[in-house]
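Tertiary structure, described
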Amino acid sequence: MSTKHSKAAAQYLRTPDVALHHDATFFNVRQKRDRMAQALPEWEQLREMADQIKRHTATHLDSYLEQFEREAKANGIHVHWAADADEYNSIVLDLLRTNGVKKVVKSKSMLTEECHLNSHLEAAGIDVVETDLGERILQMMALAPSHIVMPALHVHREDIGRCFREKIADYADIAKTYTGDATDENDPTLLTYIARMHLRRQFAEADCGMTGANFGIAETGEVVVCTNEGNADMSTSIPRLHIVSMGIEKLVPTVKSMGIFQRLLARCGTGQETTVYTSHFRGPRPGGEMHIVLVDNGRSSILGNAEHWQTLKCMRCGACMNTCPVYRRSAGYSYTYFIPGPIGINLGMLRDADEHYHNVSACSLCCSCDNVCPVKVDLSQQIYLWRQQLDALGHASTMKKTMSRAMALLFNRPGLYTGMLRLAPMVNWMPNAVLNAGLNPWAYGHKMMTFPKKSFHQWWKENKAGDAQNKAQD
Amino acid sequence: MPCYVDALYPEVGIATLRLLRSLGLDVDYPERQTCCGQPMGNAGFEKMAVPLAKQFDELFAPYDYVVAPSVSCTAYVRHQHPRLTGSEGCQGTAGRVTDLVEFLHDVVKVTSLPAKFPHKVSIHNSCHGVRELGLSAPSERNVPRYNKIIDLLRLVEGCEPVEPERPDECCGFGGMFAVEEQAVSRQMGIDKLKRHIATGAEYVTGPDSSCLMHLRGIAEKEAMPIQFVHLAQILTAGIAE
Amino acid sequence: MTTTREKILSRLRENTSQQYEMPNLAALDAIRYADPVAEFIVKTTTTAGARLVELTEGETVGDCVKRIAGTGIVASALEGIEAQMNPDTVGDVRELMTAEVGVVEGRIGVAENACIWIPQQMREKAILFAVQHLVIVLSRTAIVNNMNEAYALISDDDSFRGKYPFGTFISGPSKTADIEGALVYGAQAARALTVILT
């Protein structure tokens, strides 16, 4: 029995050093989050409030969206609505064409990845430049992200250096202007400087800046974008056209509620007190234009899913991945969905269960994710519930089904069960060849257990007579 | 009595029984019990666990408390059985189930034990124990630090309980997970064992035999130098039978 | 013909069953410091990776800026600053990318995370991001304990909003750890930040 995840994970673990380095790197981020949590006495209160605010917003979303649109329009922002990825991609392409845009600078947006915007725009001849350093590296190397917040941590500096030297036309000129201390051509400080200069040129040449939105504030029609690199701000301060892509579930009711979410986001996602930049966009720049595209793409349906609507609370912070012992040891590429880890398992199933059921095996139900989630999404219970759906979807593993049926057969017949217990020690006498063959998956990592001669049940039966006597004597 | 304890680790059951009796409690073992249904549930076939949940609810209804030397079974009964049995005809047994640690620490509130176990032991904080039963403060949360397992072990003469690094990271058993995601499960087990061994302890102990079974299986195959003992066995160690 | 907007809104309404109440945010017991100014200074100069200058008696902000900028181009719209570039009047916004130093005013300082709220008062906000070294002038009386207090001010008092519809919290110079997790200051925006505390 295997899934695409279990196979990919097994392959990844063939180089355990790589896997353990990945595990240590992300556990380190989890520990930084822990330190942040311990430093704030009100930590659990923040989580509780964030959970309640998101539940409230999601269950009043129609009126909050109407309020958001009204306020945004009053401030001169154009608001568009997209039912699905196709409509979203068309709206964006239309806007770019209308404005004669040749080059777009983009800051990080999971939504645009969800809708495959980049390839849609590139097919139309538009130059799309990712400006988050990790995303830019992946774009230049044609690699997929491995994590939603730190997408390129698995890429080696030597490969990045080689890629930059190959793909950045004025690499040599830029390198000459470097005045720092790094001497190795693959030093991260030097490479970051090269990327800085390369990207600043892109900002200067771009006709449009596209951002996502970490939050949209219904009360005032403003969007909040949080970055460490300042790339979203550079993208929107130089080109005159600003397009925001926002999932409809990103709304929060009021400016004051931002106090809860801003304090949780970076602490949970990267273990910092704050991102360097927390920018509030409330209207177009003087002489510029600002558009917000509100995207549904399945979210309004998820709201009606009693078992899984709470995924709408997700802030895309990445804390659940960092704490997941399975994600840490299998890494992003083992998952079939572009978002890995606990939230990715759930969102992938909601997106396309037939495509992404493979990830449902990637969980030992340890519940650590539930405890780090800033908005208390019941991630592990949702994964457990997806497991119950697999059979009906036609994706349950035959072996698991057979084993479960065998167990049910046994456990529903106490007489048969106790009979089997008496026979169980026979397993001890089976030759190793049989026990360790491919037939016995337990033997992959474990030495086979020895069945004791007497089960507890048998011991009880033999000894209770004696105990009854003792009791009578009391 | 968890099905795998019944079949593989009866000594844990016997120790549990002796311990409870030594505290003057009236202990019974309904013989028609088999399994709580967790293995099927976690594999995705909880419908197969429904008759077991109903059986469990009826069979254990006459008792004031139901005690199990297993945190994962206890957690499954407490959190999933109410949904599986439904409310019609339900005896509410799920609300009276505890694991051994909760029972000793919170119900009996035991303050002394005659047990002796002069060894350093590394605590295996099973996930379901920590995060579903509250046996210790989860390392992810900002709550006052506590550990009921350590509290109990401190009552045992000579016993030195310690915790490994990443004190409540999952060992990788997860029921069907261990066979479906073999490679990840094994790596999680190896990593956990290394951390237990690094404490210098002679034994790994915990409230759940399924975790211990998984770790022991890996340790034996990889020839890793550490032994395993269930908490119930330590709490009755050295007591005359 | 129903628009997408109508379709989405009606689907949301259909799919909403149980509704939840908004919690009382005032009940939050947010962290407070015995000396918020001291906390702000520590956070600014350690975790945020910025420099901080406490203005001494007799010294002006303009003097301070001159020391920082040396011979570099200074951009500012603030009075009392000798600037070669002005974000209110600059012709091509990209010129601001050539400025060595940009000087702006911050209205709120946040002790818990060294954030400074800067409402946009100048025509081109690029001054906040495009210059090499950003200098923020902040009054020590403007420092609050935490983000909840900061957002309460912004929410309740319009004087904390700028002339233009943009505002940002900035905490330290831009940074990244995207290459192998190695922390590097100076990503795409300012490479250095100095706070002048008045």
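Sequence order as written defines residue numbering, which begins from 1 separately in each chain. Whichever chain is written first is A, and whichever ligand is written first is 1; the rest continue in order. Since the coordinates come from a predicted model, pLDDT governs what is reported: local features require at least 70, and pairs of side-chain atoms require 80 or more to be given and counted, while whole-chain, interface and lining totals use all residues.

Once C-beta atoms have been placed from the backbone, residue pairs whose C-beta atoms lie within 7 Å are recorded as contacts. With 55 residues of chain B in contact, the opposing surface of chain A contributes 58 residues. Secondary structure follows DSSP: runs of H or I at least 4 residues long count as helices, runs of E at least 2 residues long count as strands, and numbering of each begins at the N terminus. Among the elements of the structure, helix 1 (3-8), helix 2 (10-22), helix 3 (38-43), helix 4 (50-59), helix 7 (127-132), helix 9 (177-180), helix 10 (182-197) and helix 11 (209-222) of chain B are those that each provide at least two residues to the side of chain B that touches chain A. Considering every element that reaches the side of chain B that touches chain A, the biggest residue donor is helix 10 of chain B, with eight residues. Only Asp, Glu, Lys and Arg are considered charged, only Ala, Val, Leu, Ile, Met, Phe, Trp, Tyr, Cys and Pro nonpolar, and every remaining residue, Gly among them, polar. Residues of the side of chain B that touches chain A, tallied by class, amount to 28 nonpolar, 13 polar and 14 charged.

Next up on the list: helix 11 (residues 188-205) of chain A. The span you would expect from a helix comes to 1.5 Å times its residue count less one. Here helix 11 of chain A is 18 residues long and its end C-alpha atoms lie 25 Å apart, about the 26 Å a rise of 1.5 Å per residue gives. Among the residues making up helix 11 of chain A, those that are buried are Pro188, Leu190, Leu191, Thr192, Tyr193, Ile194, Ala195, Arg196, His198, Leu199, Gln202 and Phe203 of chain A. Note on burial: count the other C-beta atoms lying within 10 Å of the residue's C-beta; 20 or more is buried, 12 or fewer is exposed, in between is partly exposed, and C-beta positions come from the backbone.

Think of pLDDT as the predictor's per-residue confidence, scored from 0 to 100. With 99% of its residues at a pLDDT of at least 70, chain B reaches an overall mean of 94. Reported confidences for the modelled complex are a pTM of 0.95 and an ipTM of 0.98.

Below, the discussion takes up the nonpolar core. Generally speaking, soluble globular proteins have nonpolar side chains that are buried together. Here a nonpolar core is just a set of buried residues of the types Ala, Val, Leu, Ile, Met, Phe, Trp, Tyr and Cys, joined wherever their C-beta atoms sit within 7 Å. Counting 273 residues, the largest nonpolar core has Val104 and Leu294 of chain A, Ile234 of chain B together with Ile116 of chain C as its most contacted members. Among all residues touching Ile234 of chain B, those that are not within four sequence positions of it are Ala115, Phe117, Val121, Leu153, Val156, Cys159, Thr205 and Val229 of chain B.

Residues and elements named next belong to chain A. Taken in spatial order, the six strands line up as 1-10-7-4-2-3 in an open sheet, and their pairing is parallel. The open sheet has two edge strands with one neighbour each: strand 1 (78-82) and strand 3 (127-130). Within this sheet the neighbouring strands show an average axis-to-axis angle of 20°, counted without direction. One requirement defines pairing of two strands: DSSP has to find at least two bridges between them. One ladder, built from five bridges, connects strand 1 with strand 10 (residues 289-295); its direction is parallel. Pairing of Val79 across the sheet is with Ile292, part of strand 10. Lines fitted to C-alpha atoms define the axes, with helix axes restricted to the stretch in contact, and inter-axis angles between N-to-C directions lie between 0 and 180 degrees. In the packing of helix 5 (residues 85-98) onto the sheet, contacts are made with strand 1, strand 2 (103-106), strand 4 (208-211), strand 7 (241-247) and strand 10, and the angle to strand 10 comes to roughly 170°.

Moving on, we get to helix 1 (residues 4-14) of chain C. Turning to helix 1 of chain C, its buried residues are Ile8, Leu9 and Leu12 of chain C. Here the buried residues of helix 1 of chain C occupy an arc of 95° about the axis, which is enough to place them on one side. Looking at the buried positions of helix 1 of chain C, the neighbouring elements they touch are helix 4 (61-74), strand 1 and helix 14 (299-302) of chain A. As used here, the arc is the angular range of directions from the helix axis to the C-beta atoms.

The interface of chain C with chain A comprises 63 residues on the first partner and 69 residues on the second. For the side of chain C that touches chain A, the elements supplying multiple residues, two or more each, are helix 1, helix 4 (127-130), helix 5 (147-156), strand 8 (166-170) and strand 9 (175-176) of chain C. Of the residues forming the side of chain C that touches chain A, the biggest block, nine residues, is contributed by helix 1 of chain C. Of the residues belonging to the side of chain C that touches chain A, the class tally is 31 nonpolar, 18 polar and 14 charged. Note that strand 9 (residues 277-281) of chain A and strand 8 of chain C share five bridges and pair antiparallel.

Once that is clear, we can look at the pairing of strand 11 (residues 192-197) of chain C. Residues and elements named next belong to chain C. Most of strand 11 is tucked away, with six of its six residues classed as buried. Residues Ala192, Thr194 and Ile196 of strand 11 are buried on one face, and the alternating residues Leu193, Val195 and Leu197, pointing to the opposite face, are buried as well. As paired strands, strand 1 (residues 51-54) and strand 11 are joined by four bridges and run parallel to one another. Each bridged residue has a counterpart across the sheet, and for Arg51 the counterpart in strand 11 is Thr194. Relative to strand 11, strand 6 (residues 133-138) runs parallel, the two being bridged by six bridges.

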